[in-house]
Every structure is written in C-alpha cells, then in structure tokens.
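Residues per chain are reported as follows:
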Amino acid sequence: MKTTVYKNTKIAYTDQGKGTAIVLLHGFLENQSMWNAFVPEFSKKNRVITIDLLGHGQTECLGYVHSMEDQADMVHSVLHELKIRKAVLVGHSMGGYVALAFAELYPDAMKGLVLLNSTSRADSDERKINRDRAIVAVKQNYTAFVRMSIANLFSEDNRERLSGEIEKVKLEALKTPLQGIVAALEGMKIRKDREVILHFAPYPIQLILGKKDGVLIYNDNLDQIEGTKAQLTSFEDGHMSHIENQNELMKVLLNFFKKI
C-alpha cells in the first residue's frame, strides 16, 4: 500500500503491473481490498491502480460531505502523481458514481468505463429519504447499521452459501469511520444525473448488473443504456458481483480490457 497527500488528507492506493492503466474504485462501506482476487490477474497485462476513496479504508476523511466530484478530483490527483494521462475506470456501486463524475470532469483522461452494480442516474426522492434515514441509523447504532447494510447487498440465495465471505466483508466495512460513512451518504444523495455520458462518450462503456440486486433494482436500470453503444452484462445474483459471480466477472472484465 502506498500513500500520497491530497488537500492535506492522506490517500492510500496500490499500483501494480505495466500497460494500459486500469483504475479500480470500490463502493460504499468497502475499500480497495475488495479487488484482491482480481489484481493479480489484471496486472499481468495492465497497470492496475486501486484507491481507497475518501473516508474509506486507509484514506482519511476530507470533510463532512464527500461529493462525487471531491472523490473524482482526488482520483485525478493520484493519477497525475503517477503520471497517468488516460485510464480505464472500473467502479463498483458508489465507485461507479465517482467514475462518472471523473468522466464528466476529465473526459480526455478516459479510455473506458465499467459501471459494476452501479447507475448513471441520480438518487430518486425516495432514495434521498433513505439516505437520510441511513445517516440517522448509523449515528444511533454504527455496528448494527454496517452489518445489516452488508448482508442486504447479497442476494438471499447466497447469504448462507457465502456466509464466510459475507463475514469478511462486514469486518472490512467495520473499519470505515462514522464520519466517512455519513460523508459518503451525503455525497451520494446530492450527486448529479450523468446518464448523458452513456449516450455521448467516445470510449467503450460496459454496464454490469445483478438481476437480484436489492439496492439497484435490475429492471429500473436497463433503459439507461437504450440507444447507446454501452454493453450490458447481467448476472443472476445480487449487488456484490465481484464475490457472487467472481469467475464470470473476471472473464467479462478481461474481455473488456482486451478491446481497449
């Protein structure tokens, strides 16, 4: 793990391999360790960078609201330090929102975009209310909130089969500081709709969804790529495709990288 400083805030990242730069961005309550199963394979032919987003993993909090633009600026700062001009961004869930903000702010730095269990759309009014409820809940009972949130990310069919994996994810999630959780919820709540990027981006885009995702309802998210060149891959499971569908996901991503 390497560190750098962005706006007086410590940022943790990893950098392995040579070739096309692939930037892997984790989701809410996760950290760069979510990519551990993928980095060895990806870094055989690519330069792979994983980054702990603001207030997650070993990266410190920047403030009390971490907007997707703040996160994207931080990612750009890391890439600038590594002298990387163009990269493929792969974002899981909140990491996808950060990747989209990056794509809007730094279009010339994009080589490709993968939205993994993520969406280009802003929060609905209902989702915004749920974010506010989540902020209250995590302040009231941090541990119960984190454990419950993680369990809900897996499809019901997988909760027993993957109980050991789920426990590991919960333990990683419990390393996330309260301020980091609240700042991320506030940031996701105010994020912009960026569906237009899927329609006009000149680089390849891949959307990966889970049919039993309890967070991003599958059917609600299909039509955002209608009339676009974005590729869709659907898995039969939940929000955690990197665990629930690990082998299939590995193949899809390696194929995507080959095309670039």
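Procedures and definitions
Residues numbered from 1 in each chain as written. Predicted model: local features only at pLDDT ≥ 70, side-chain atom pairs only at ≥ 80, totals over all residues. Heavy atoms only, no water. Helix = DSSP H or I, 4+ residues; strand = E, 2+ residues; numbered from the N terminus. Rg over C-alpha atoms; globule rule 2.2 N^0.38 Å. Buried < 20%, exposed > 50% of the residue type's maximum accessible area, 1.4 Å probe, protein only. Contact = heavy atoms within 4.5 Å. Areas by Shrake-Rupley, 256 points an atom, 1.4 Å probe, with all protein chains shown as cover. Lys, Arg positive; Asp, Glu negative; His and termini not counted. Charge placed at Lys NZ, Arg CZ, Asp CG, Glu CD. Salt bridge = Lys/Arg side-chain N within 4 Å of Asp/Glu carboxyl O. Pairing = 2+ DSSP bridges. Axes fitted to C-alpha atoms, helices over the stretch in contact; angles between N-to-C directions. Parallel < 35°, antiparallel > 145°, perpendicular 65-115°, else oblique. Nonpolar A, V, L, I, M, F, W, Y, C, P; charged D, E, K, R; others polar. Phe/Tyr/Trp six-rings, centres within 6.5 Å; stacked < 30°, edge-to-face > 60°. Lys NZ or Arg CZ within 6 Å of the ring centre and 35° of its normal.

Let's hear about the overall build of the chain: which residues, and what values?
If you tally the helices and strands in the chain, you get 12 helices and 8 strands. Taken against the 2.2 N^0.38 rule, which gives 18 Å for 260 residues, the C-alpha radius of gyration of the chain at 17 Å falls within 12% of a compact globule. The C-alpha extent of the chain, read off along each of the three principal axes, is 45 × 40 × 35 Å. Per-residue burial over the chain gives 55% buried out of 260 residues. In the chain, once contacts between residues fewer than 6 apart in sequence are set aside, the share between residues at least 24 apart is 76%. Only carbon and sulfur atoms are counted for the fraction: they give 50% of the accessible area of the chain, which is about 11600 Å². Side chains of the chain give 33 positive and 32 negative charges; the mean places of these two sets differ by 6 Å.

Describe in detail the pattern of salt bridges, supporting the description with residues and values.
Tallied over the entire structure, the rule returns 16 salt bridges. A salt bridge links Asp15 to Arg47; its shortest N-O distance comes to 2.8 Å. With a gap of 32 residues between them, Asp15 in strand S2 (residues 9-16) and Arg47 in strand S4 (residues 46-51) connect regions that are remote in the sequence. On the basis of relative accessibility, which here comes to 17%, the residue Asp15 falls in the buried class. Residue class for Arg47 comes out partly exposed when judged on its relative accessible area of 21%.

Go over the pairing of strand S7 (residues 205-210), please, and point to the residues and values.
Among the 6 residues that make up S7, 6 are buried, leaving the element largely enclosed by the rest of the structure. Of the two faces of S7, the one lined by Ile205, Leu207 and Leu209 and the one lined by Gln206, Ile208 and Gly210 are each fully buried. Pairing geometry for S7 and strand S8 (residues 231-235), over 5 bridges, is parallel. Its bridge partner being in S8, Leu209 is matched across the sheet by Ser234.

Describe in detail the packing of helix H4 (residues 125-140) against helix H8 (residues 178-189), supporting the description with residues and values.
Following both chains from N to C, one finds H4 and H8 inclined at 170°, their axes separated by 9 Å at the closest point. Accordingly, the angle class assigned to the pair H4 and H8 is roughly antiparallel. Taken together, the residues of H8 that come into contact with H4 (itself represented by Lys128, Arg131, Asp132, Ala134, Ile135, Val138 and Lys139) are Leu178, Ile181, Val182, Leu185, Glu186, Met188 and Lys189. Class assignment for the residues of the contact of H4 with H8 results in 8 nonpolar, no polar and 6 charged.

A description of the packing of aromatic side chains should follow, citing residues and the corresponding values.
All told, the structure shown has 5 aromatic pairs when counted by the stated rule. Taking the centre distance of 5.7 Å and the plane angle of 45° together, the rings of Phe38 and Phe42 count as tilted. Of the two residues, Phe38 and Phe42, neither departs from the other in class, the shared state being buried. For the pair Phe256 and Phe257, a centre-to-centre distance of 6.4 Å together with 65° between the ring planes defines the contact as edge-to-face. The burial state of Phe256 is the same as that of Phe257; both residues are buried. Residue placement shows Arg191 over the ring face of Tyr97; its charged tip is 3.6 Å from the ring centre.

How would you explain the environment of Glu186 if you had to name every residue and give the values?
Take Glu186: it is sitting in helix H8. For Glu186 and Val65, which are 121 residues apart along the polypeptide, the C-alpha to C-alpha distance reads 5.6 Å. Contact partners of Glu186, with chain neighbours within four places excluded, come to Tyr64, Val65 and Ile135.

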